[in-house]
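Chain by chain, the residues:
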Amino acid sequence: MGNETILVVDDSRAVLSSIAEILQSNGYTVDTASDGAIAVDKINDKFYDIILTDLAMPKKDGMELLKYITENSPESMCIIITGYGTIKNAVEAIRLGAFDYLTKPVKSEEIQVVIERALNYRELKRENTTLKKQVNARYAYENIVGDSENICEVFHLIDKVAQTDSTVLIMGESGTGKELIAHAIHYQSDRRDKPFIPVNCGAIPEELLESELFGHEKGAFTHAIRTRIGRFELAHNGTIFLDEIGDMSPNLQVKILRVLQGHQFERIGGTKTIKTDIRVIAATNKNLEEAVETGRFREDLYYRLNVIPIHVPPLRERAGDIPLLAHHFLEKFNKSKKKNIKSISKEVMQCFMSYEWPGNVRELENMIERLIILANDDKITVRDLPERLLAHRKKDTTQPHQHNALPEEGLYLHAAVNEFERNLILQALDKAGWVKNKAAQLLNLNRTTLIEKMKKQKLMKPANPMDN
Ligand SMILES: Nc1ncnc2c1ncn2[C@@H]1O[C@H](COP(=O)(O)OP(=O)(O)OP(=O)(O)O)[C@@H](O)[C@H]1O
Ligand SMILES: [Mg+2]
């Protein structure tokens, strides 16, 4: 601490100069104002760490000034200076946000103690807020992995929208992380301490969904034996996450639209209008624009939801994230399955990188879980991979003749056939764990022919073929 700036406000010149003198001798920079209106001007011009103010003053009194400070300069600590007879008002001022009060005549030691306490308090509060922010940020992000340009754009958007109350529409293929992103937005926002209420609009049958969302009164329909609070009500002051919104029936679309427009609704069978303060995040893996065009999704609802769109790219468009994700899941499942698989071979990673991942991150996650369970060594190797990933590797090798397409510039047939053969033999050996009988079977050759071909191709079992 040191070099703090203090504003003293009092209509008595004598009080002003005596307090200013005490403060200056303690090393503070001091400004003075002889009434509330002048004080407001000064506060607008400059930031004050501490504002000491009298209560009874002409023009703007101390209470009004306090109100102004809490609204416009909330980081300034306000201390009331009060006459003996007005302590009651000073207490009221504390209730309204002043830090403490001093009674006139103000003593030098007293003033120093109160100011130090005020500055300490503010420091603690600041530390606390930063810590809280950091903890929350970590909580929100610790599970989202990725550093590709595509996903960083999404992170950037999350940061931006979290600070607002705007409705967000998250769009992306199945398994791309939409729910994770919805969580992150909530836990980054000021609503983080309030509920995050998810509703899976696709999984719940229409009749149930309505009461799930809006709740119902006792006796509203045959099975309504007691009043039920719906998700919109539960989410009050927090966030509601309308997942799979594209699957919602037209009937419910209208009802949702009403809540989004007016922030109010009634329970089923109820007459009381319930107001709700919610932040709405919706997600879908459907193409909503197309659904609007074909009349399956209401256009007005689409525009209500699509205030801030977030497009989550499919995994194949951010293959650069695959190694990070794969290792993230490796660590996760090692822990939960009590395994100790140390690495993923380079070749496996290459297969991962060139595979299309129609199920996106979820598919990769499931794949790693399965590989960890099946792996024999402490490493995941191509031997463990399912056919669909290996098949893809075949397609994706960089050799043009592997695709059986004749390159523009032509090719050397013998070399190409040779290369083709070599590649298939290698794959068969890989798959068979270099057991020649098995590999020969896969290629429908007899064992001796395979050995001959291996010699010709100079194929030998590497010391540790799957090593990184
Ligand atoms: N970037 C990521 N980092 C770590 N894990 C991720 C990431 N993205 C997705 N996941 C994981 O993948 C799985 C699927 O994610 P999530 O449920 O959020 O996807 P979704 O887009 O909502 O899928 P669906 O459309 O099928 O509902 C989850 O287990 C999630 O934890
Ligand atoms: Mg989801």
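Note that this is a predicted model, so its numbers are computed, not measured.

Focus on the overall build of the protein chain
And then number 1: Secondary structure assignment for the protein chain yields 19 helices and 16 strands.
And then number 2: If you line up the protein chain on its principal axes, its C-alpha atoms span 110 × 65 × 50 Å.
And then number 3: A buried classification covers 45% of the 468 residues belonging to the protein chain.
And then number 4: Within the protein chain, counting contacts between residues at least 6 apart in sequence, those at least 24 apart form 69% of the total.
And then number 5: Summed over all atoms, the accessible surface of the protein chain reaches about 25,300 Å², with 50% contributed by carbon and sulfur.
And then number 6: When the 63 basic and 67 acidic side-chain charges of the protein chain are each reduced to a single mean position, those positions are 7 Å apart.

Concerning the sheet that holds strand 10 (residues 239-243)
And then number 1: Taken together, 5 strands build an open sheet; the order of strands is 7-10-13-6-14 and the sheet is parallel. Of all the strands in the sheet, just strand 7 (196-200) and strand 14 (308-311) have a single pairing partner and so form its edges. Strand-to-strand twist in this sheet, taken as the mean axis angle between neighbours without regard to direction, amounts to 20 degrees.
And then number 2: Relative to strand 13 (residues 279-284), strand 6 (residues 168-171) is paired through 4 bridges, and the arrangement is parallel. Bridge pairing links L169 to A282 in strand 13.
And then number 3: Seen against the sheet, helix 6 (residues 149-162) touches strand 6, strand 13 and strand 14 and runs at an angle of roughly 155 degrees to strand 14.

Regarding the site of ligand 1
And then number 1: In the neighbourhood of ligand 1, 18 residues make up the surrounding shell, with V145, S174, K178, R362 and E365 lying closest.
And then number 2: Between ligand 1 and the protein, one listed contact pairs an oxygen atom with a side-chain N or O atom of S174 at 2.7 Å.
And then number 3: In isolation ligand 1 has 620 Å² of accessible area, and contact with the protein removes 86% of it.
And then number 4: Going through the elements one at a time, helix 7 (178-188), helix 13 (322-337) and helix 15 (360-374) are the ones with two or more residues in the shell around ligand 1.
And then number 5: For the shell around ligand 1, the per-class residue count stands at 6 nonpolar, 6 polar and 6 charged.

Some words on the pattern of salt bridges
And then number 1: Taken as a whole and assessed by the stated rule, the structure comprises 26 salt bridges.
And then number 2: K59 is the partner of D35 in a salt bridge, and the nearest nitrogen-oxygen pair spans 3.7 Å. You can see D35 sitting in the loop between strand 2 (29-33) and helix 2 (36-45) and its partner K59 sitting in the loop between strand 3 (50-54) and helix 3 (62-72), a full 24 residues away along the chain.
And then number 3: Residue classification places D35 among the buried positions, given a relative accessible area of 7%.
And then number 4: Residue classification places K59 among the exposed positions, given a relative accessible area of 68%.
And then number 5: The shortest N-O distance in the salt bridge between D277 and R191 comes to 2.7 Å. Residue D277 is located in the loop between strand 12 (274-275) and strand 13, and its partner R191 is located in the loop between helix 7 and strand 7; the two are separated by 86 residues in the primary sequence.

A few points about the pairing of strand 2
And then number 1: When strand 1 (residues 5-9) meets strand 2, the two strands line up parallel, connected through 5 bridges. The partner of I6 across the bridge, within strand 2, is V30.
And then number 2: In this fold, the crossover linking strand 1 to strand 2 by way of helix 1 (residues 13-25) has right-handed handedness.

Comments concerning unusual backbone geometry
Glycine aside, residues mostly have negative phi angles, and peptide bonds mostly take the trans form.
And then number 1: A cis amide bond links K104 to the next residue, P105, at an omega of -5 degrees.
And then number 2: For P105, the position within the fold is in the loop between strand 5 (100-103) and helix 5 (108-141).
And then number 3: You will see that K59, though not glycine, has its phi angle at about 60 degrees, which is positive.

Re the packing of aromatic side chains
And then number 1: According to the stated counting rule, one finds 8 aromatic pairs in the structure shown.
And then number 2: Here the aromatic rings of F232 and F265 are separated by 6.0 Å at their centres, their planes lie at 45 degrees, and the arrangement is tilted. One end of the pair, F232, is in helix 9 (residues 231-234); the other, F265, is in strand 11 (residues 264-265), and 33 residues separate them in sequence. Considered together, F232 and F265 belong to a single accessibility category, that of buried residues.
And then number 3: Centroid distance Y355 to W357: 4.7 Å. Interplanar angle 85 degrees. Geometry classified as edge-to-face. W357 shares its class with Y355; the two are buried.

Some points on the domain arrangement of the protein chain
And then number 1: What the domain assignment lists for the protein chain is domain 1 (5-128), domain 2 (143-313), domain 3 (314-395) and domain 4 (397-468).
And then number 2: Computed from C-alpha coordinates alone, the two centres of domain 1 and domain 2 are separated by 46 Å.

Remarks on the environment of I229
And then number 1: Following the sequence through the fold, I229 ends up in strand 9 (residues 228-229).
And then number 2: Residue classification places I229 among the partly exposed residues on the basis of a relative accessible area of 39%.
And then number 3: As for I229 and P74, which are separated by 155 residues in sequence, their C-alpha atoms are 37 Å apart.
And then number 4: The residues contacting I229, other than those within four sequence positions of it, are G215, L234 and R267.

So, helix 6
And then number 1: Taking 1.5 Å of rise per residue, 14 residues should cover 20 Å, and helix 6 covers 20 Å from first to last C-alpha, within 8% of that figure.
And then number 2: Restricting attention to buried positions, one finds in helix 6 the residues I151, V154, F155, I158, V161 and A162. End-on, the buried residues of helix 6 take up no more than an arc of 135 degrees, which puts them together on one face. Of the exposed residues in helix 6, those oriented more than 90 degrees away from the buried face are E149, E153, H156 and K160.

Observations concerning the sheet that holds strand 2
What links the strands of a sheet is backbone hydrogen bonding, and the strands pair in either a parallel or an antiparallel sense.
And then number 1: In space, the 5 strands of this open sheet follow the order 2-1-3-4-5, with parallel pairing throughout. Bordering the open sheet on either side are strand 2 and strand 5, each of which pairs with just one other strand. Strand-to-strand twist in this sheet, taken as the mean axis angle between neighbours without regard to direction, amounts to 20 degrees.
And then number 2: Where strand 3 lies against strand 4 (residues 77-82), 5 bridges are found, and the strand directions are parallel. When the sheet's bridge partners are listed, T53 is paired in strand 4 with I80.
And then number 3: Set on the sheet, helix 1 makes contact with strand 1, strand 2, strand 3 and strand 4; between it and strand 2 the angle comes to about 170 degrees.
And then number 4: Contacts from helix 4 (residues 87-95) reach strand 4 and strand 5 within the one sheet, and its direction differs from that of strand 5 by about 160 degrees.

What counts and what doesn't
- Residues numbered from 1 in each chain as written.
- Chains lettered and ligands numbered in written order.
- Predicted model: local features only at pLDDT ≥ 70, side-chain atom pairs only at ≥ 80, totals over all residues.
- Heavy atoms only, no water.
- Helix = DSSP H or I, 4+ residues; strand = E, 2+ residues; numbered from the N terminus.
- Buried < 20%, exposed > 50% of the residue type's maximum accessible area, 1.4 Å probe, protein only.
- Contact = heavy atoms within 4.5 Å.
- Areas by Shrake-Rupley, 256 points an atom, 1.4 Å probe, with all protein chains shown as cover.
- Lys, Arg positive; Asp, Glu negative; His and termini not counted.
- Charge placed at Lys NZ, Arg CZ, Asp CG, Glu CD.
- Pairing = 2+ DSSP bridges.
- Axes fitted to C-alpha atoms, helices over the stretch in contact; angles between N-to-C directions.
- Near = heavy atom within 4 Å.
- Polar contact = N/O pair within 3.5 Å; in protein donor to acceptor, adjacent residues only side chain to side chain.
- Nonpolar A, V, L, I, M, F, W, Y, C, P; charged D, E, K, R; others polar.
- Salt bridge = Lys/Arg side-chain N within 4 Å of Asp/Glu carboxyl O.
- Right-handed = clockwise from strand over helix to strand, strands pointing away.
- Phe/Tyr/Trp six-rings, centres within 6.5 Å; stacked < 30°, edge-to-face > 60°.
- Domains from an automatic or database assignment.
- Expected span 1.5 Å × (residues − 1).
- Arc of directions from axis to C-beta.

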